[in-house]
Amino acid sequence: MSNKKELIVSAIKDGTVIDHIPAKDLFKVIKILDFEHMPNQVTFGGNLESKSMGKKAIIKVADKFFADSEINKIALIAPTANLNIIRNYEVIDKKPVQLPDSVVGLCKCINPKCITNSEPMQTKFEVVKDDSVSLRCHYCGKITDSEHFTLL
Ligand code: CTP
Ligand code: ZN
């Protein structure tokens, strides 16, 4: 790897680097990815200088190659994030995160009368994309906008 600048978070040999996370969203992304239950080595940096974003955050997960369904839910919170796939210290693939069509069991429905708020069941939403991203509840049809995403 030819790197003129020193890395604040060490390079990894193999795995996934999630870069360009808005600094304020780092801990939400960490929560979504459920690292608590992952045996992999995870390092992260917050409030790092970024030319394009002002401040950004980064997460590096050694020996982990996420399935699209595992990773794309972070696009709801951090649409600017991109994935760098690392093999033997080289970036072999770089791709933006992509919004999924639906999400299951990630957020609460904003509607207090929704069945998902009174029964022990998973929430389920259709992802609606116009100017911003919002979630349409599969059960009650109410829209939860991105300002009101409450992670479960
Ligand atoms: N990286 C890493 N370990 C490696 C190789 C790269 O942790 N073995 C990290 C770099 O620190 C960087 C990201 O993966 O945060 C992408 O690497 P690279 O494409 O080399 O950096 P940039 O050109 O700065 O990426 P971009 O243009 O996407 O900002
Ligand atoms: Zn609902």
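Here is a short report on the structure shown in this document. (Residues numbered from 1 in each chain as written. Chains lettered and ligands numbered in written order. Predicted model: local features only at pLDDT ≥ 70, side-chain atom pairs only at ≥ 80, totals over all residues. Heavy atoms only, no water.)

1. Brief notes about the site of ligand 1
We count it as follows: Near is defined per residue: the residue qualifies when any heavy atom it owns lies within 4 Å of the molecule or strand. Polar contact is the term for a pair of N or O atoms within 3.5 Å; when the atoms are in protein, one must be able to donate a hydrogen and the other to accept it, and sequence-neighboring residues count only if both atoms are side-chain atoms. Here the accessible surface of atoms and residues is derived via Shrake-Rupley with a 1.4 Å probe, and residues count as covered only by protein chains that are part of the display. Each residue receives one of three labels: charged for Asp, Glu, Lys and Arg, nonpolar for Ala, Val, Leu, Ile, Met, Phe, Trp, Tyr, Cys and Pro, and polar for the others, Gly being one of them.
Near ligand 1 lie 15 residues; those nearest to it are Ile12, His20, Lys60, Tyr89 and Lys94. Within the contact set of ligand 1, an oxygen atom lies 2.7 Å away from a side-chain nitrogen or oxygen of Lys94. Calculation on ligand 1 without its partners gives an accessible area of 600 Å², and the protein chains cover 71% of this total. Tallied by class, the residues present in the shell around ligand 1 amount to 9 nonpolar, 3 polar and 3 charged.

2. Re the side chain of Asn111
To be explicit about the condition: Secondary structure elements are defined from DSSP: runs of H or I of at least 4 residues count as helices, runs of E of at least 2 residues count as strands, and each element is numbered from the N terminus. A 1.4 Å probe rolled over the protein chains alone gives each residue an accessible area, and that area as a share of the maximum for its type sets the label: buried under 20%, exposed over 50%, partly exposed in between.
For Asn111, the position within the fold is in the loop between strand 6 (102-104) and strand 7 (124-129). Exposure remark for Asn111: the relative accessible area of 14% places this residue in the buried category. Of note is the side chain of Asn111, whose polar atom sits 2.9 Å from the backbone nitrogen of Lys113.

3. Some remarks on the sheet that holds strand 7
Operational definition: Two strands form a pair only when DSSP identifies at least two bridges running between them. For helices, the axis comes from a line fit to the C-alpha atoms of the stretch in contact; other axes are also lines fit to C-alpha atoms, and the angle between any two N-to-C directions lies between 0 and 180 degrees.
Spatial strand order, 6-7-8-9: 4 strands in an open sheet with antiparallel pairing. Every other strand in the sheet has two partners, leaving strand 6 and strand 9 (143-145) as the edge strands with one partner each. Across the sheet, the mean angle separating the axes of adjacent strands is 30 degrees when strand polarity is ignored. Inspection of the sheet shows strand 7 paired to strand 8 (residues 133-137) by 5 bridges, in the antiparallel sense. Residue pairing in the sheet places Phe125 in a bridge with Cys137 of strand 8.

4. Observations concerning the nonpolar core
We count it as follows: Residues belong to a common nonpolar core when they are buried Ala, Val, Leu, Ile, Met, Phe, Trp, Tyr or Cys residues joined through side-chain atoms within 4.5 Å. Where each domain starts and ends comes from a domain assignment, either automatic or drawn from a database. Contact between two residues is taken to exist if any of their heavy atoms lie within 4.5 Å; hydrogens are not considered.
Ile18, Ile59 and Ile74 are the most contacted members of the largest nonpolar core, which totals 34 residues. Elements with a contribution of two residues or more to this core: strand 1 (15-22), helix 1 (26-33), strand 3 (54-62), strand 7 and strand 8. When residues of this core are assigned to domains, at least three map to each of domain 1 (2-96) and domain 2 (102-148). Excluding residues within four positions of it along the chain, Ile18 makes contact with Leu33, Ala57, Ile58, Ile59, Phe66, Ile71, Ile74, Ala81, Asn82 and Leu83. If you look at the next biggest cluster of nonpolar residues, it comprises 6 residues, including Val9, Val17, Leu48 and Ile58.

5. A look at the packing of aromatic side chains
What counts, and what does not: Only Phe, Tyr and Trp rings are paired, with Trp represented by its six-membered ring, and only when their centres lie within 6.5 Å; those with planes under 30 degrees apart are stacked, over 60 edge-to-face, the remainder tilted. Note on geometry: a ring has a charge over it if NZ (lysine) or CZ (arginine) is within 6 Å of the ring centre and within 35 degrees of the ring normal.
Applying the stated criterion across every chain, the model contains 1 aromatic pair. If you follow Arg87 out to its NZ or CZ, it ends over the ring of Phe65, 3.9 Å from the centre.

6. A short note on the layout of surface pockets
Short version of the rule: The pocket and cavity definitions rest on a 1 Å grid over protein atoms only: a 1.4 Å probe that fits but cannot leave marks a cavity, an open set with protein on both sides within 12 Å along at least five of seven lines marks a pocket, and residues lining either have an atom within 4 Å of a point. Grid points are joined across faces, edges and corners, and a volume is the space filled by probe spheres set on the points.
Considering only enclosed or pocket space, the second largest pocket measures out at about 210 Å³ in volume. In terms of lining residues, the second largest pocket is bounded by Lys24, Asp25, Lys28, Leu76, Ile77, Pro79, Ser132, Val133, Ser146, Glu147 and Phe149. Formed jointly, the lining of the second largest pocket draws a minimum of three residues from each of two domains, domain 1 (2-96) and domain 2 (102-148).

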